[in-house]
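If you want the building blocks of each chain, they are given just below.
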Amino acid sequence: MMDWAQDSLEKVALSRQARAEQPPPKLTDEESEALLNEFHPDYLGMERTVNVGPNAGTQKFPLELAELLESDSPVPQGFEPAIDITTDVLILGGGGAGAAAALTLAESGLNVHLATKLRLGDANTVMAEGGIQAALTDQDSTRRHFADSYVGGHGNNDPELLRVLCEYGPESILWLSRLGCLFDQNEDGTFRLRRGGGTSVPRVLACRDYTGLEIMRVLKDAVLLTPTKILENHSAVELLDDGEGQITGAVLWDRASGKLVSVSARAVILATGGSGQLRLQGFPTSNHLGATGDGLILAYRQGCQLIHTDSYQYHPSGSCYPEALAGQLVTESIRAIGAQVLNVHGERFIDEMITRDVLAGAIIKEVAQNRGVPTPTHRAGVWLDTPLIELINGEGTLRRQFPGIIHRFERYGIDPAKHPLLVYPTLHYQNGGIRIDAFGQTDLQGLWAAGEVTGGLHGTNRLMGNSLLDITVFGRRAAESVMEKIPERQEATLVGLKKFREGLHEIQHPSPRTAPLLFPVASKMKFQLSGEASGESTNEASEEKTQFREPPDPFGRRMG
Ligand code: MEZ
């Protein structure tokens, strides 16, 4: 079992008892800042401005995203949207935010369609393990929740969005519980609360280590009982507009038939999630297959401002051994109940409950300075001392509280109760995104957005558990705002795309690929003009453009 690291494992085991009683090493603010500036991937200058769209020449984007923002649409030139579906509200995205919006709209009397590129529930929501935050106890308050999140977000959070998030926290937990979500409880029936990095009091509710899966389970079941029409395997490839800046529907790609489907809607809610599958700088990701930043591309083309999209979250404890689990999440809650982070010498070098970005920087530094543990598959990481949890909290704690992790690693012969795990930061969350107001409305009439696709709420570093709360609060809020302000139906055209294409023609080096990417490895998108019977592609040029470039392996480079 991990014999290749025997020496290092012995050092970890030898120092365990003594470490259990020692306080964590503390960093000064200057030291934290230095870790970010020198080692965090956001700070290494792997970004640039783009030459087209509302943020042209101003905001910086990661190189991989910048290329997509400067890409043409896969919708063939000359395609005219003959309307196939007419609805009141079109929700794009089948994760937690989309489902919460659909549920909220269910009683409104409005006709609602939800289109998702995979199946309902296939989304980053189900990948969230450790929990959801809400201020529920006498020792806590929504103000305290606000303060922790604001400090964690480096003060770059939109204060109004954050106020709404924190104030609607307790009510959201009640809503989810009433839907049937089984949050862990103490013996006396109160909710069991865990700490999270950057939280000043225990505030994180969990369902063991599959909190997002449990939340998605109840949301999905509830949505299936509503009249919402679900369009699975329908990817949004373009937004439709009225020619004067109002969003009036979308073009979807029906993967089964290969056809483009045009939907006319009075309101569109974008809930397409994040972009971890862009695997910035070659990092592995904890994200779902569908997280390719589609919503950012669609909204940007129509003129929505994107904010803080140069800020991503690298979750400090992504698995880095065995190879099959590379990038998968090992929840922060494991650290919250005592697992320490150690270098190859078995030394603890950081407080594990410091905010995620600083901890990620510290781990990257250890590896870069040859204090990491190399794996047989040319990665390197640091130890997460999971057996220490058993020592501190008693035997069987891991199996009781983290069955998902036990199951995942046991398949590869590793028992986390006996063996430390190897971890390295994994691309986990898109901190920024589409600018919205406190009601989820974007810069454009007719277009709302909720969840990870939006920016501002989390500033430039999100705290654990605030994303599951985000999708619940803002999915519902966007739907409520739609009910209040839904515009009259307008013409559905591709004028916005035409204008964007004119802008693309003027730039010197437009990207040779098409966007949205839809899947991490570009599939050959065979479009057939809506209503035609032939299965042949009508857009040969765009097929060539969707070639995917393999990212470099950051570990190879850093380990030199
Ligand atoms: O909010 C998250 O990112 C989360 C709950 C992650 C985790 O470590 O479990």
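Note: the structure precedes this text.
Residues numbered from 1 in each chain as written. Predicted model: local features only at pLDDT ≥ 70, side-chain atom pairs only at ≥ 80, totals over all residues. Heavy atoms only, no water.

### So, the packing of aromatic side chains
One pass over the structure, following the stated rule, counts six aromatic pairs. Here Phe-61 and Tyr-300 contribute two aromatic rings whose centre-to-centre distance is 6.2 Å and whose plane-to-plane angle is 75°, an arrangement assigned as edge-to-face. Taken together, the residues Phe-61 in strand S2 (residues 60-62) and Tyr-300 in helix H9 (residues 294-302) connect sequence positions 239 residues apart. Residue class for Phe-61 comes out buried when judged on its relative accessible area of 0%. By relative accessible area, Tyr-300 is classed as buried at 1%. On the basis of an interplanar angle of 15° and a centroid distance of 6.1 Å, the ring pair of Phe-283 and Tyr-424 is categorised as stacked. Of this pair, Phe-283 sits in the loop between strand S11 (260-270) and H9 while Tyr-424 sits in strand S17 (residues 421-430); the two residues are 141 residues apart in sequence, bridging distant segments of the chain. In this structure Phe-283 comes out as buried when scored by relative accessible area, which is 0%. By way of ring pairs, the aromatic residues Phe-283, Tyr-314 and Tyr-424 are connected into one cluster. Over the ring of Tyr-429 we find Arg-462; its NZ or CZ atom is 4.0 Å from the centre of that ring. (Phe/Tyr/Trp six-rings, centres within 6.5 Å; stacked < 30°, edge-to-face > 60°. Helix = DSSP H or I, 4+ residues; strand = E, 2+ residues; numbered from the N terminus. Buried < 20%, exposed > 50% of the residue type's maximum accessible area, 1.4 Å probe, protein only. Lys NZ or Arg CZ within 6 Å of the ring centre and 35° of its normal.)

### Some points on the sheet that holds strand S12 (residues 306-307)
Taken in spatial order, the three strands line up as S12-S18-S20 in an open sheet, and their pairing is mixed. The open sheet terminates on both sides in strands that have one partner only, identified here as S12 and strand S20 (454-455). As paired strands, strand S18 (residues 433-435) and S20 are joined by two bridges and run parallel to one another. Looking at the pairing, Arg-435 lines up with Gly-455 of S20. Along the sheet, H9 makes contact with S12 and S18, crossing S18 at roughly 35°. (Pairing = 2+ DSSP bridges. Contact = heavy atoms within 4.5 Å. Axes fitted to C-alpha atoms, helices over the stretch in contact; angles between N-to-C directions.)

### Thoughts on the site of the ligand
Taken together, 13 residues sit near the ligand, with Gly-130, His-315, Thr-331, Glu-332 and His-428 positioned nearest. Interatomic distance of 2.7 Å between a side-chain N/O atom of His-428 and an oxygen atom of the ligand. Within the backbone of Gly-465, a nitrogen or oxygen atom sits 2.8 Å from an oxygen atom of the ligand. In the complex, 99% of the free accessible area of the ligand, which totals 270 Å², lies under the protein chains. Taken together, the residues that form the shell around the ligand break down as two nonpolar, seven polar and four charged. (Near = heavy atom within 4 Å. Polar contact = N/O pair within 3.5 Å; in protein donor to acceptor, adjacent residues only side chain to side chain. Areas by Shrake-Rupley, 256 points an atom, 1.4 Å probe, with all protein chains shown as cover. Nonpolar A, V, L, I, M, F, W, Y, C, P; charged D, E, K, R; others polar.)

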